[in-house]
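Spelled out from the first residue to the last, the chains are:
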Amino acid sequence: MNDPVISLRGIDKIYTQGVRAQVLFEVNLDIAAGEFVALVGASGSGKSTMLNMVGLLDTPSAGQVLIAGRDAATLDEDERSRLRREHLGFIFQSHYLLPDFNIMENVFLPCRLRGDPPSGESWTRVEGLIETVGLSEHRHKRPHQLSGGQQQRAAIVRALANQPRLVLADEPTGNLDSQTRDIVFKLMRDLSRRQGQAFLMVTHDASLATEVDRVVTIRDGRIVDENRP
Ligand code: ADP
Ligand code: MG
């Protein structure tokens, strides 16, 4: 049995700035290697808060986040960023591509930021991903020259460029029309299968949530259902 790529154990989150508010209650979640998990729940139920815990972007008030066999609470900020870079990819509702850089430059930006010029091997792999998502002929264009769906596909390639074990996606199709949404979702699903990458995808869309390995439902900060379609 492989270790999960991430484990949440008894996570509570209490925001203490302003009014004290508990947003997560005893959340337990293991994600297996290569597993595609949809996280669904009403607005304000705690989905983004939970994703921030998994992404080591915020710290829980109680409980443990285990990543790569380590308890995130024992890591200093440098180690947390290293684990984030090496194990995690992020896709958000808005793509956050930088307007002054072309698509290839945007995709390699995370590598360059960590002082890691792309090797021939990573260049070949990323060109392959760009082709898979249908952006080959657009790869030297700047983001504003692409449609919303094309920009989001570029953001997916950027998240996958360093072969993370787990990709976190917060409503990645939220800004897309329904046809583009289906294309982008299928792409993430196929890439996950092909590359063995686990996904945790927040979605409002019940129809997308039927084509995943597991649907985790959160209500008022508690996991209330874990359905395997
Ligand atoms: P979702 O992503 O499911 O819409 P969120 O995780 O963003 O929900 O938010 C869950 C709850 O936590 C909401 O009531 C929200 O107002 C509250 N919340 C989120 N971030 C903060 C924060 N930084 N400080 C205080 N409350 C917050
Ligand atoms: Mg949210």
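Before reading further, recall that the structure is shown in the block above.
From a predicted model like this one, the values you see are computed outputs, not experimental measurements.

Here is what the cut-offs are and how they apply
Residues numbered from 1 in each chain as written. Chains lettered and ligands numbered in written order. Predicted model: local features only at pLDDT ≥ 70, side-chain atom pairs only at ≥ 80, totals over all residues. Heavy atoms only, no water. 1 Å grid on protein atoms, 1.4 Å probe; cavity = no way out; pocket = protein on both sides within 12 Å on 5 of 7 lines; lining within 4 Å. Points joined across faces, edges and corners; volume = space filled by probe spheres on them. Nonpolar A, V, L, I, M, F, W, Y, C, P; charged D, E, K, R; others polar. Helix = DSSP H or I, 4+ residues; strand = E, 2+ residues; numbered from the N terminus. Salt bridge = Lys/Arg side-chain N within 4 Å of Asp/Glu carboxyl O. Buried < 20%, exposed > 50% of the residue type's maximum accessible area, 1.4 Å probe, protein only. Pairing = 2+ DSSP bridges. Axes fitted to C-alpha atoms, helices over the stretch in contact; angles between N-to-C directions. Contact = heavy atoms within 4.5 Å.

1. Quick word on the layout of surface pockets
Remark: the empty space left among the atoms is shown by a probe the size of a water molecule rolled over them. The computed volume of the largest pocket comes to approximately 530 Å³. Lining the largest pocket are 20 residues, with Arg 85, Leu 88, Phe 90, Pro 110 and Arg 158 positioned closest to its centre. Across the lining of the largest pocket, the residue classes break down as 12 nonpolar, 4 polar and 4 charged.

2. Examining unusual backbone geometry
Positive phi, normally seen in glycine, also occurs at Glu 26, with a value near 45°. Position of Glu 26 relative to the elements: it lies in strand S2 (residues 21–31).

3. Points about the pattern of salt bridges
Evaluated as defined, the whole model comprises 13 salt bridges. A salt bridge links Arg 125 to Glu 121, with the shortest nitrogen-to-oxygen separation between them at 2.9 Å. Of this pair, Arg 125 and Glu 121 both sit in helix H4 (residues 120–132), 4 residues apart, which is roughly one turn of that helix. Given the relative accessible area of 54%, Glu 121 is considered exposed. The closest approach of N and O atoms between Asp 182 and Arg 181, which form a salt bridge, is 3.1 Å. Residue classification places Asp 182 among the partly exposed residues on the basis of a relative accessible area of 29%.

4. Quick look at the sheet that holds strand S3 (residues 36–40)
Strand pairing in a sheet relies on backbone hydrogen bonds, with the paired strands running either antiparallel or parallel. The strand order S6-S7-S8-S3-S9-S10 describes an open sheet built from 6 strands, whose pairing is mixed. Of all the strands in the sheet, just strand S6 (88–91) and strand S10 (222–227) have a single pairing partner and so form its edges. On average, each strand axis in the sheet is tilted by 20° relative to the strand beside it, whichever way the strands run. Bridging between S3 and strand S9 (residues 214–219) involves 4 bridges; their strand directions are parallel. Its bridge partner being in S9, Ala 38 is matched across the sheet by Val 215. Across the sheet, helix H1 (residues 47–54) touches S3, S6, strand S7 (166–170), strand S8 (198–202), S9 and S10, and the angle it forms with S7 is around 155°.

Bear in mind that shape data such as this cannot, by itself, settle questions of function.
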